[in-house]
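As a plain string of letters, each chain reads:
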Amino acid sequence: MTKPTMIAVIGGSGLYEIDGLQDARWVTVDTPWGAPSDQILTGELDGVKMGFLPRHGRGHVHAPSDVPYRANIDALKRLGATDVISVSACGSFRESMAPGDFVIVDQFIDRTFARHKSFFGSGCVAHVSLAHPTCPRLGDACETAARAAGITVHRGGTYLAMEGPQFSTVAESKLYREQWGADVIGMTNMPEAKLAREAELCYASIAMVTDFDSWHPDHGAVDITAILATLQGNSSNGADLVRRLPALLGGERTECPHGCDTALEYAIMTAPEKRDPALLTKLDAVAGRVLG
Ligand SMILES: CSC[C@H]1O[C@H](OP(=O)(O)O)[C@H](O)[C@@H]1O
Ligand SMILES: Nc1ncnc2[nH]cnc12
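Everything quoted here is computed from the prediction, not taken from an experiment. (Residues numbered from 1 in each chain as written. Chains lettered and ligands numbered in written order. Predicted model: local features only at pLDDT ≥ 70, side-chain atom pairs only at ≥ 80, totals over all residues. Heavy atoms only, no water.)

A closer look at the site of ligand 2
Around ligand 2, the structure places 13 residues, and the nearest of them are C90, G91, T210, D211 and D213. In the model, a nitrogen atom of ligand 2 is placed 3.4 Å from a nitrogen or oxygen of the T210 side chain. A distance of 2.8 Å is found between a nitrogen atom of ligand 2 and a side-chain nitrogen or oxygen belonging to D213. About the coverage of ligand 2: the protein hides 93% of its 260 Å² of free accessible area. Elements that contribute at least two residues to the shell around ligand 2 include exactly β6 (83-92), β11 (184-186) and β12 (202-211). Sorting elements by how many residues they give to the shell around ligand 2 places β6 first, with three residues. Among the residues forming the shell around ligand 2, the class breakdown is eight nonpolar, three polar and two charged. (Near = heavy atom within 4 Å. Polar contact = N/O pair within 3.5 Å; in protein donor to acceptor, adjacent residues only side chain to side chain. Areas by Shrake-Rupley, 256 points an atom, 1.4 Å probe, with all protein chains shown as cover. Helix = DSSP H or I, 4+ residues; strand = E, 2+ residues; numbered from the N terminus. Nonpolar A, V, L, I, M, F, W, Y, C, P; charged D, E, K, R; others polar.)

With respect to a nonpolar patch on the surface
Judged by side-chain polarity, F167, I224 and L228 come together as a nonpolar surface patch covering roughly 270 Å² of accessible area. Relative to the elements of secondary structure, F167 occurs in the loop between β10 (158-161) and α3 (170-179). (Patch = residues over 30% accessible without salt bridge, like charges linked within 9 Å, V, L, I, M, F, W, Y side chains within 5 Å. Salt bridge = Lys/Arg side-chain N within 4 Å of Asp/Glu carboxyl O.)

Quick look at the site of ligand 1
The local shell around ligand 1 holds 13 residues, among which S13, H56, A89, M187 and T188 are the closest. The contact in question runs from an oxygen atom of ligand 1 to an N or O atom on the side chain of R55, over 2.9 Å. In this structure, an oxygen atom belonging to ligand 1 sits 2.8 Å away from a main-chain N or O atom of A89. Within the complex, the protein chains bury 91% of what would otherwise be the 380 Å² of accessible surface of ligand 1. At the level of elements, β6 and α5 (224-249) are the ones that each hand at least two residues to the shell around ligand 1.

Considering the pattern of salt bridges
Tallied over the entire structure, the rule returns 17 salt bridges. Between R115 and E163 there is a salt bridge, and its shortest N-O distance comes to 3.1 Å. You can see R115 sitting in the loop between β8 (107-110) and α2 (136-148) and its partner E163 sitting in the loop between β10 and α3, a full 48 residues away along the chain. Owing to a relative accessible area of 11%, R115 belongs among the buried residues under this scheme. For E163, a relative accessible area of 6% puts it in the buried group. Close ionic contact of R244 with D240 constitutes a salt bridge, the shortest N to O distance being 3.1 Å. Taken together, the residues R244 and D240, both in helix α5 and four residues apart, mark about one turn of the helix. (Buried < 20%, exposed > 50% of the residue type's maximum accessible area, 1.4 Å probe, protein only.)

Quick notes on the UniProt feature "binding site: phosphate" (unreviewed entry) in the protein chain
Under the UniProt annotation, the feature "binding site: phosphate" (unreviewed entry) is placed at S13, R55, H56, S88, A89 and T188. Maximum C-alpha separation among the annotated residues is 12.1 Å over a sequence range of 176 residues, consistent with a single clustered spot. Within the fold, S13 resides in the loop between β2 (6-11) and β3 (22-27). Here S13 is in contact with H56, H60, A89, L231 and S235, once residues within four sequence places are set aside. As for its placement among the helices and strands, T188 is situated in the loop between β11 and α4 (189-198). Its relative accessible area of 6% is what places T188 among the buried residues. Those residues in contact with T188 that lie beyond four places of it in its chain are R55, H56, P64, Y69, S88, R115 and Y159. (UniProt positions renumbered as here; feature names shortened; annotations may be inferred. Contact = heavy atoms within 4.5 Å.)

Some details on the pairing of strand β5 (residues 48-54)
Taking burial as the measure, the seven residues of β5 include six buried ones, the bulk of the element. Where β2 lies against β5, six bridges are found, and the strand directions are parallel. Residue I10 lies in a different strand from β5, and its bridge partner there is L53. Inspection of the sheet shows strand β4 (residues 40-45) paired to β5 by five bridges, in the antiparallel sense. Paired with G43 across the bridge in β5 is M50. In textbook terms, the turn of a hairpin is the stretch between consecutive antiparallel strands, and for β4 and β5 this stretch comprises two residues, one of which, D46, has a positive phi near 50°. (Pairing = 2+ DSSP bridges.)

Below, the structure is given as structure tokens:
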């Protein structure tokens, strides 16, 4: 059985809009989890439905800790999104992953601590698998699109999500790089990836390197002015990559072969008669498929 593809792009620092959508309009989406970061730009590209949500809002108003992650994922699901492409700025822990390079992240270490990380909780407890938090099918499309756009791209990498908003100390940066094996660092992909999995959305993360974080002996401290300079070129490459995705993913999709869109199949633990009706109401978009 097939269903229409809808590609949702979450734009990070430096990427607040995408051009070229047909029938483009900004729509307001209300969710039981509050308001998303901004309105969502909807339209079509190469005959495929698209949505674009600036993670920090137009004008960059939400700090990483205050991004309404649950509302964002709920709103995209509510609009009919099937595939989420996260685009983010990041620091690099690897000499080989230089500013301007893109990394298609496939693993995360979640060091965030001041955010809501689940749609579920007391009254409807669920445990989804997160062993493989990103969708390889979407990763393939992102890699192909990046290569076609002439971007230096690395397939696979571990993204350390920190709380921020300050950048890391040298000691933290060395710990993450040398002891924990992280490749890149940012402040936003968690809990976004966890929530996308709970909402049964395929999720891919394109991390655009802006700096070498603070471990690098030749680059000193992370400097926001240098980041902003790299960000501009990265964002136009990111938009170029995104514009190539509809042609690669197509307008119709079958069930994800990696199980992203059936993640909740056996995940809900709470007995039907013990479930909290108020929470079930809030879960209508995210878990409607399994809750009925
Ligand atoms: C631009 S400096 C730090 C800022 O950039 C990243 O944002 P995003 O992940 O939304 O692209 C990083 O996570 C910080 O929020
Ligand atoms: N070095 C860094 N640490 C955390 N987030 C970032 N975003 C861009 N560069 C970063």
